[in-house]
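Okay, here's what each chain looks like letter by letter:
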Amino acid sequence: MLKVGVLGAGHLGKIHLRLLQQSEKYELVGFYDENQENAQKISKEFGYTHFTTIASLIHAVDVIDIVTPTLSHYKCAKVSIKSGKHVFIEKPISNTVEEAEEIIALAKEYDVKGQVGHVERFNPAFIATKHMIENPMFIETHRLAEFNPRGTDVPVVLDLMIHDIDAILSVVKSPVKHINASGVSVISDTPDIANARIEFESGCVANLTASRISLKNMRKSRFFQKDAYISVDFLEKKCEVVKMKDAPETPGDFDMILQNAEGVKKQIYFANPDVEQNNAILDELESFADAIKNDTTPVVTLEDGTEALRVAYRIIDCFKK
């Protein structure tokens, strides 16, 4: 079992602590949180070992799980990597692209592995359909959330939309050609609702909407490609696949047939992929343990996290223009 320590014991940090303690692939050594009062309270309530310095925790483990506020990701990753420790970094990878690129360079220099916590890659509905998404030409995503003061220190693009940016980049294997975007600040000092249109060199277009001031939660993505429509509900963990194929010469009584103006007939049929329910956060953490043990490439690499951040900042730059 890999010895792991957690940096940061806020809302998400406590979830990571609980899951790592349950994991059969990690031995939870302890955690560090700069709020000593909060740290002592958590240690007393759950029995986790509380370390009083970051250095002492890093020294005691093989893997550091960074779940601190985004502004401190770079600092925590740098000191961990320079100590020869593998790092799991919650999304976004860091506060700036320059910091992220330095994290990549350090990981190579010190020969350690890194993974970024883009948890939607492990969403069972996305896993069930990802292999069916082939050369999509139009993508539409909606990620809407009810207002929560936690997270409003960063633009909604870095808080919410970056999930969909990463998911899209994982299926569209083409460089980004052009981005248009707009954002509106309603409650926060940074945009609370944003829309972005990303054009890829392949011709694919992705239209992304994110809001943290909605009346209901929604996390849906729709992928359109030749002869197929794939819908993924990340919130409900459901998916829908509608496909078309050439119509049979003699259709059955219940076959759904469409005919276009040229007389071409297509049969519509529905595929219902099996969605195996899971704990996505536990799966992403344990997939990182597998990558370390088997010396394989992590599912969400440091480079993946950096590219998602780079696109996110290109979107944010559009707001300024």
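Residues numbered from 1 in each chain as written. Predicted model: local features only at pLDDT ≥ 70, side-chain atom pairs only at ≥ 80, totals over all residues. Heavy atoms only, no water.

A. Layout of the UniProt feature "domain: Gfo/Idh/MocA-like oxidoreductase N-terminal" (unreviewed entry) in the protein. Within the UniProt annotation, "domain: Gfo/Idh/MocA-like oxidoreductase N-terminal" (unreviewed entry) is assigned to residues 2-118. Between the C-alpha atoms that bound residues 2-118 the distance is 21 Å, and the span itself is 44% helix and 22% strand. (UniProt positions renumbered as here; feature names shortened; annotations may be inferred. Helix = DSSP H or I, 4+ residues; strand = E, 2+ residues; numbered from the N terminus.)

B. The UniProt feature "domain: GFO/IDH/MocA-like oxidoreductase" (unreviewed entry) in the protein, seen in detail. UniProt's feature table lists "domain: GFO/IDH/MocA-like oxidoreductase" (unreviewed entry) at residues 156-216, given in the numbering used throughout. Overall, residues 156-216 shows 26% helix and 39% strand. The separation of its end C-alpha atoms is 16 Å.

C. Region of interest: the pairing of strand β2 (residues 26-32). Burial within β2 is extensive, with 6 of its 7 residues counted as buried. In terms of strand pairing, strand β1 (residues 2-7) meets β2 through 6 bridges, oriented parallel. Paired with glycine 5 across the strands is glycine 30, a residue of β2. For the segment spanning β1, helix α1 (residues 11-22) and β2, crossover handedness is right-handed. (Buried < 20%, exposed > 50% of the residue type's maximum accessible area, 1.4 Å probe, protein only. Pairing = 2+ DSSP bridges. Right-handed = clockwise from strand over helix to strand, strands pointing away.)

D. Main features of the sheet that holds strand β9 (residues 205-211). The mixed open sheet is built from 9 strands, whose spatial order is β7-β8-β9-β6-β10-β11-β12-β14-β13. Looking at the sheet topology across the chains shown, the edges are occupied by β7 (176-184) and β13 (256-259). Neighbour-to-neighbour, the strand axes of this sheet turn through a mean angle of 15°, independent of strand direction. Of the strand pairs in this sheet, β7 and strand β8 (residues 193-200) are connected by 8 bridges, and their pairing is antiparallel. Within the sheet, the bridge partner assigned to glycine 183 lies in β8 and is alanine 194. Contacting β6 (138-144), β7, β8, β9 and β10 (218-225), helix α7 (residues 156-171) crosses the sheet at an angle of about 155° to β9. (Axes fitted to C-alpha atoms, helices over the stretch in contact; angles between N-to-C directions. Contact = heavy atoms within 4.5 Å.)

E. Quick look at the domain arrangement of the protein. Each domain of the protein was delimited in the assignment, giving domain 1 (2-112) and domain 2 (122-277 + 311-319). Computed from C-alpha atoms alone, the centre-to-centre distance between domain 1 and domain 2 is 32 Å. On inspection of domain 1 and its partner domain 2, the count reaches 0 salt bridges. At the junction of domain 1 and domain 2, the tally comes to 2 residue pairs in polar contact (both at pLDDT 80 or more). Each residue belonging to the side of domain 1 that touches domain 2 can be placed in one class, and the counts come to 2 nonpolar, 3 polar and 1 charged. (Domains from an automatic or database assignment. Salt bridge = Lys/Arg side-chain N within 4 Å of Asp/Glu carboxyl O. Polar contact = N/O pair within 3.5 Å; in protein donor to acceptor, adjacent residues only side chain to side chain. Nonpolar A, V, L, I, M, F, W, Y, C, P; charged D, E, K, R; others polar.)

F. Representation of the sheet that holds β2 within the structure. Taken in spatial order, the 5 strands make up an open sheet running β2-β1-β3-β4-β5, and their pairing is parallel. The two strands at the open ends of the sheet, each matched to only one other strand, are β2 and β5 (114-117). Between one strand axis and the next, the sheet turns by 20° as a mean value, whatever way the strands run. Running over the sheet, helix α8 (residues 280-294) touches β1, β2, β3 (63-66), β4 (86-90) and β5 and is turned about 155° from β4.

G. Region of the structure containing the packing of aromatic side chains. Taken as a whole and judged by the stated rule, the model has 6 aromatic pairs. Between phenylalanine 126 and phenylalanine 234 the ring centres are 5.8 Å apart and the planes differ by 40°, which places this aromatic pair in the tilted class. Taken together, the residues span a long stretch of sequence, with phenylalanine 126 in helix α6 (residues 124-130) and phenylalanine 234 in the loop between β11 (228-233) and β12 (238-246) at a distance of 108 residues. With relative accessibility at 0%, the residue phenylalanine 126 sits in the buried group. Here the aromatic rings of phenylalanine 224 and tyrosine 229 are separated by 5.0 Å at their centres, their planes lie at 45°, and the arrangement is tilted. Here phenylalanine 224 falls in the partly exposed class, since its relative accessible area comes to 31%. Among the aromatic residues, those joined into a ring-pair cluster are Phe31, Phe46 and Tyr48. (Phe/Tyr/Trp six-rings, centres within 6.5 Å; stacked < 30°, edge-to-face > 60°.)

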